[in-house]
2 protein chains.
Amino acid sequence: MMESFKINDKSFACPVDLTLNTIMGKWKPVILNNLMDGKKRYGELQKLLPNVTDRVLTKQLRELETDGIVTRKVYPVVPPKVEYSITDRGRTIKPILDAMCDWGSKFKVD
Amino acid sequence: MMESFKINDKSFACPVDLTLNTIMGKWKPVILNNLMDGKKRYGELQKLLPNVTDRVLTKQLRELETDGIVTRKVYPVVPPKVEYSITDRGRTIKPILDAMCDWGSKFKVD
DNA sequence: TTATATACTAACTAAAAGGATAGTATGTAG
DNA sequence: CTACATACTATCCTTTTAGTTAGTATATAA
């Protein structure tokens, strides 16, 4: 049988593919970088990422949640209050983000 | 003025975005991993990646070439012979691929 | 009673990425 | 003269991803 890599029911033949699939998404790296500094409410994330729409922000957060990278904590209050934080698994992604940051930084201009 | 990161005329506000944009593409990581072992002819890559079509393989190779990650050497013979190899810049991506490989490997199942 | 704040959801559109299939160019071997 | 090998290119289609705009729920404050 062929070896495979699984994260919440999605299967990949190659570990790199699994990783890319998990942390890709136009806004996921920024979201993660922000959450590395501590938990954030939905509205805070909105302000930190002014160019992402609600629909997309929510979607990326849900995917990260499904993959066990972030947790979503809902407070039963009105108006609603929801906090997002990074999980332990999520923290293990940091070396990758750092490596990507280092590589990309070599292309800085003025 | 805002800082930015540029790779062949594409601008990014964040180094991670530049990196993702450069190495993303469904087949780029595999292509790169294969080229790390040494140059390959087009037909060899085709055999190594049996699930990618010509159109897409060519496209990914061209993008990698444009970004200075691989070089394309054409021999003026018939039938054609073209060799792809990784550049020095391309080799610097290895730590990222390795980090992604390590992370994804934690999700291995039987 | 009305407005407010917050975190969404719905319906739709647009753009990007990837895939399928078929075809092209041409020196050389037979 | 014909077939062959190789590395593509051209069309068209499907899927995936992202973006736009508008709307919802509801305890509380005024």
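See the structure shown above.
Residues numbered from 1 in each chain as written. Chains lettered and ligands numbered in written order. Predicted model: local features only at pLDDT ≥ 70, side-chain atom pairs only at ≥ 80, totals over all residues. Heavy atoms only, no water.

Residues and numbers for the overall build of chain A, please.
Along the backbone of chain A there are six helices and six strands. When the helices and strands of chain A are read in sequence order from the N terminus, they spell out β-β-α-α-β-α-α-β-β-α-α-β. The proportion of buried residues among the 110 residues of chain A is 42%. Within chain A, contacts between residues separated by at least 24 positions form 45% of all contacts whose residues are at least 6 apart in sequence. Put simply, chain A shows about 6,100 Å² of open surface, and 53% of that area lies on carbon and sulfur atoms. The distance from the centre of the 19 positive side-chain charges to the centre of the 14 negative ones in chain A is 5 Å. (Helix = DSSP H or I, 4+ residues; strand = E, 2+ residues; numbered from the N terminus. Buried < 20%, exposed > 50% of the residue type's maximum accessible area, 1.4 Å probe, protein only. Contact = heavy atoms within 4.5 Å. Areas by Shrake-Rupley, 256 points an atom, 1.4 Å probe, with all protein chains shown as cover. Lys, Arg positive; Asp, Glu negative; His and termini not counted. Charge placed at Lys NZ, Arg CZ, Asp CG, Glu CD.)

Any chance you could break down the pairing of strand E1 (residues 4–7) of chain B for me, citing the residues and the numbers?
Strand direction decides the pairing type here: strand E6 (residues 108–109) of chain A and E1(B), joined by two bridges, are antiparallel. Bridge pairing in E1(B) links A:Val109 to B:Ser4. Two elements, E1(B) and strand E2 (residues 10–12) of chain B, share three bridges in a ladder whose sense is antiparallel. Pairing of B:Phe5 across the sheet is with B:Phe12, part of E2(B). (Pairing = 2+ DSSP bridges.)

Let's hear about helix H2 (residues 28–36) of chain A: which residues, and what values?
Residues and elements named next belong to chain A. Summarising burial for H2: seven of the nine residues are buried, a large majority. Of all the residues in H2, the buried ones are Lys28, Pro29, Ile31, Leu32, Asn34, Leu35 and Met36. Gly38 occupies a position one or two residues after H2 and carries a positive phi of about 135°.

Give a description of the protein's contact with DNA strand D that names residues and reports values.
Lining the immediate surroundings of DNA strand D are 21 residues, of which A:Lys26, A:Arg55, B:Arg41, B:Asp54 and B:Arg72 lie closest. At the protein interface, 62% of the atoms of DNA strand D within 4 Å belong to sugar or phosphate. Between DNA strand D and A:Lys26, the relevant distance is 2.7 Å, taken from a phosphate oxygen to a side-chain nitrogen or oxygen of the residue. With respect to DNA strand D, the side chain of B:Arg41 contributes an N or O atom lying 2.7 Å from a phosphate oxygen. The leading source of residues in the surface near DNA strand D is helix H4 (residues 54–66) of chain B, at four residues. For the surface near DNA strand D, the per-class residue count stands at eight nonpolar, five polar and eight charged. (Near = heavy atom within 4 Å. Polar contact = N/O pair within 3.5 Å; in protein donor to acceptor, adjacent residues only side chain to side chain. Nonpolar A, V, L, I, M, F, W, Y, C, P; charged D, E, K, R; others polar.)

Before we move on, can you summarise the interface of chain A and chain B with the specific residues and values?
Listed per partner, the contact involves 32 residues of chain A and 33 residues of chain B. Together, the buried faces of chain A and chain B total about 3,000 Å²; carbon and sulfur atoms form 74% of this surface. Together, A:Met100, A:Trp103 and A:Phe107 form the three largest contributors to the area buried by chain A at its contact with chain B, with a combined 24%. At the junction of chain A and chain B, the tally comes to two salt bridges. We note a salt bridge from B:Glu3 to A:Lys108, for which the minimum N-O separation is 3.0 Å. At the level of elements, strand E1 (4–7), helix H1 (15–23), helix H6 (94–105) and E6 of chain A are the ones that each hand at least two residues to the side of chain A that touches chain B. At eight residues, the largest contribution of residues to the side of chain A that touches chain B is made by H6(A). Its residues assigned to classes, the side of chain A that touches chain B shows 18 nonpolar, six polar and eight charged. (Buried area = accessible area lost by both parts, 1.4 Å probe. Salt bridge = Lys/Arg side-chain N within 4 Å of Asp/Glu carboxyl O.)

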